[in-house]
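# Summary of the model geometry
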Amino acid sequence: MNKEFTERLLALHYVYPKSLQKLLPLLADDPDLTKLERKSPNELMWLLNIKLEQAVQLKASYRQSLTFPLAETYAKYKILPISYQHPLYPKSLLELFDPPAVLYAKGDLTLLANSRKIAIIGSRKATSYSQKALQKIVPPLVEKDYVIVSGLAKGADAMAHQKAIDLGGRTIAVTGSGFLHPYPKENANLNHIIEERHLVLTEYPPYIKPEKWNFPMRNRIISGLSKGIIVTEAQVKSGTLSTIEHALDHGKDIFAVPGSIDSLLSEGPNKLILEGAKPVWNGWQVLEEYQHMPV
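Every value quoted in this text rests on a predicted model; they were computed, and no experiment measured them. (Residues numbered from 1 in each chain as written. Predicted model: local features only at pLDDT ≥ 70, side-chain atom pairs only at ≥ 80, totals over all residues. Heavy atoms only, no water.)

## Details of the packing of aromatic side chains
Overall, the coordinates contain 6 aromatic pairs when judged by the stated rule. When the ring of Tyr 146 is compared with that of Tyr 290, the centres are 6.3 Å apart and the planes differ by 35°; the resulting orientation is tilted. With Tyr 146 in the loop between helix 6 (128-143) and strand 4 (147-150) and Tyr 290 in the segment after helix 12 (283-288), this residue pair connects regions lying 144 residues apart in the sequence. Residue classification places Tyr 146 among the buried residues on the basis of a relative accessible area of 3%. On the accessibility criterion, Tyr 290 (7% relative accessible area) is buried. Connected via pairs of aromatic rings, a cluster forms that spans Tyr 14, Phe 68 and Tyr 207. Cation over ring: Lys 18 sits above Tyr 16, and NZ or CZ is 5.7 Å from the ring centre. (Phe/Tyr/Trp six-rings, centres within 6.5 Å; stacked < 30°, edge-to-face > 60°. Helix = DSSP H or I, 4+ residues; strand = E, 2+ residues; numbered from the N terminus. Buried < 20%, exposed > 50% of the residue type's maximum accessible area, 1.4 Å probe, protein only. Lys NZ or Arg CZ within 6 Å of the ring centre and 35° of its normal.)

## Details of the sheet that holds strand 2 (residues 102-107)
Across the sheet, which stays open at both edges, the 9 strands sit in the order 1-2-6-5-4-3-7-8-9 with mixed pairing between neighbours. Two strands bound the open sheet, and with one partner strand each, they are strand 1 (80-83) and strand 9 (278-279). Relative to strand 7 (residues 228-231), strand 3 (residues 117-121) runs parallel, the two being bridged by 4 bridges. If you follow Ala 119 over to strand 7, its bridge partner there is Ile 229. (Pairing = 2+ DSSP bridges.)

## Structural notes on the layout of surface pockets
Computed from the structure, the largest pocket encloses a volume of approximately 370 Å³. In terms of lining residues, the largest pocket is bounded by 20 residues, among which Thr 6, Glu 7, Leu 10, Leu 70 and Ala 71 are the most central. Looking at the lining of the largest pocket, the elements with two or more residues in it are helix 1 (3-15), helix 5 (70-76) and strand 1. A per-element tally of the lining of the largest pocket places helix 1 first, with 5 residues. (1 Å grid on protein atoms, 1.4 Å probe; cavity = no way out; pocket = protein on both sides within 12 Å on 5 of 7 lines; lining within 4 Å. Points joined across faces, edges and corners; volume = space filled by probe spheres on them.)

## Digging into the packing of helix 2 (residues 20-29) against helix 3 (residues 41-48)
Interaxial distance between helix 2 and helix 3 falls to 8 Å at its minimum, and their mutual angle equals 125°. By the criterion of interaxial angle, the relationship of helix 2 to helix 3 is oblique. On helix 3, the residues that touch Lys 22, Leu 23, Pro 25, Leu 26 and Asp 29 of helix 2 are Leu 44, Leu 47 and Leu 48. Classifying every residue of the contact of helix 2 with helix 3 by side-chain character gives 6 nonpolar, no polar and 2 charged. (Axes fitted to C-alpha atoms, helices over the stretch in contact; angles between N-to-C directions. Parallel < 35°, antiparallel > 145°, perpendicular 65-115°, else oblique. Contact = heavy atoms within 4.5 Å. Nonpolar A, V, L, I, M, F, W, Y, C, P; charged D, E, K, R; others polar.)

## Considering the packing of helix 3 against helix 4 (residues 52-65)
Look at helix 3 against helix 4: their axes get within 8 Å of each other, and the N-to-C directions meet at 110°. By the angle between their axes, helix 3 is roughly perpendicular relative to helix 4. For the crossing formed where helix 3 meets helix 4, the hand is right-handed. Two secondary-structure elements touch here, helix 3 through Pro 41, Asn 42, Leu 44, Met 45 and Leu 48 and helix 4 through Leu 52, Ala 55, Val 56, Leu 58 and Lys 59. Looking at the contact of helix 3 with helix 4 residue by residue, the class counts come to 8 nonpolar, 1 polar and 1 charged. (Left-handed = near helix turned anticlockwise from the far one by under 90°.)

## Side note on the side chain of Arg 220
Within the secondary structure layout, Arg 220 lies in helix 9 (residues 214-225). Its relative accessible area of 1% is what places Arg 220 among the buried residues. A distance of 2.8 Å separates a polar atom in the side chain of Arg 220 from the backbone oxygen of Asp 98. Side-chain polar atoms of Arg 220 contact the side chain of Glu 203, separated by 2.6 Å. (Polar contact = N/O pair within 3.5 Å; in protein donor to acceptor, adjacent residues only side chain to side chain.)

## Some details on helix 6
Along its 16 residues, helix 6 runs 23 Å from first to last C-alpha, staying within 8% of the 22 Å computed at 1.5 Å per residue. Along its length, helix 6 shows its largest kink, about 35°, at Leu 134. Within helix 6, burial applies to Ser 130, Ala 133, Leu 134, Ile 137, Val 138, Pro 140, Leu 141 and Val 142. If you follow the buried residues of helix 6, they end up packed against strand 3, strand 4, helix 7 (156-166), strand 7 and helix 12. Asp 145 occupies a position one or two residues after helix 6 and carries a positive phi of about 65°. (Expected span 1.5 Å × (residues − 1). Bend = angle between axes of the 7 residues up to and from the residue.)

## A few points about the domain arrangement of the protein
For the protein, the assigned domains are domain 1 (3-68) and domain 2 (109-291). Using only C-alpha atoms to locate each centre, domain 1 and domain 2 end up separated by 33 Å. Taken together, the contacts link 5 residues of domain 1 with 5 residues of domain 2. The junction of domain 1 with domain 2 conceals about 420 Å² of combined surface from both sides, 66% of it contributed by carbon and sulfur atoms. Run the count over domain 1 and domain 2 and you get 0 salt bridges. The tally of links between domain 1 and domain 2 comes to 1 residue pair in polar contact (both at pLDDT 80 or more). (Domains from an automatic or database assignment. Buried area = accessible area lost by both parts, 1.4 Å probe. Salt bridge = Lys/Arg side-chain N within 4 Å of Asp/Glu carboxyl O.)

This is the structure we're talking about:
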């Protein structure tokens, strides 16, 4: 891994936090980013498919960010930036259509190397039914050293993280904002625990605030990290099912908790089962799918 290239990539990503797919034309033209400072705004406009005024601004911002003490700042906040060339970067993310160019990590980095990752997601309005489902689903997964991946949102995500922690298991939270703007505020304590003892990941530099369009992007990382995805409760039209679309695009296993025909929040999982997802109501059913999987 080229240290100088990494420094230039991080300086670029700080002011232009886009996915690797968006940066590929630039990297194809300038693989080490050694010519980026000298490129004209017109060249940047064509290579990145942006407006000329954006290109002018980007060039100025990039030159400025090269002077920032980014490495020292990230170290101060215990943030490790992991570029797509870093040995810790999860190879499964490179199979996405638009992998993150950089992941920002805080916590126990050994969790990235664990191939046993299962995502558990669901509605922000999840009910006690999700809690009951997790009481049956999570213990066997934790017993077999699976890492529980979720998005740190209110509702089912927070329940899944908390259940893994309560059982002495490990969890990874993938967030839709930078580390200086943890979201949502209701999960501040949970977020702190995961940062300290587990792992939080984001593709956004620390100053980025939570915006609604960040979360669908976040969902592809949850899917990309995980072997399979379990849905507890979700409405048919929801962010949860957008994660499932990413998962299906990349051949992931989909598990859904069947629910009452009277519950709006069970319509999503019930529909997924109709479309071929495996119905589950305990963790052993999930493990059956992976019993021959190497550690």
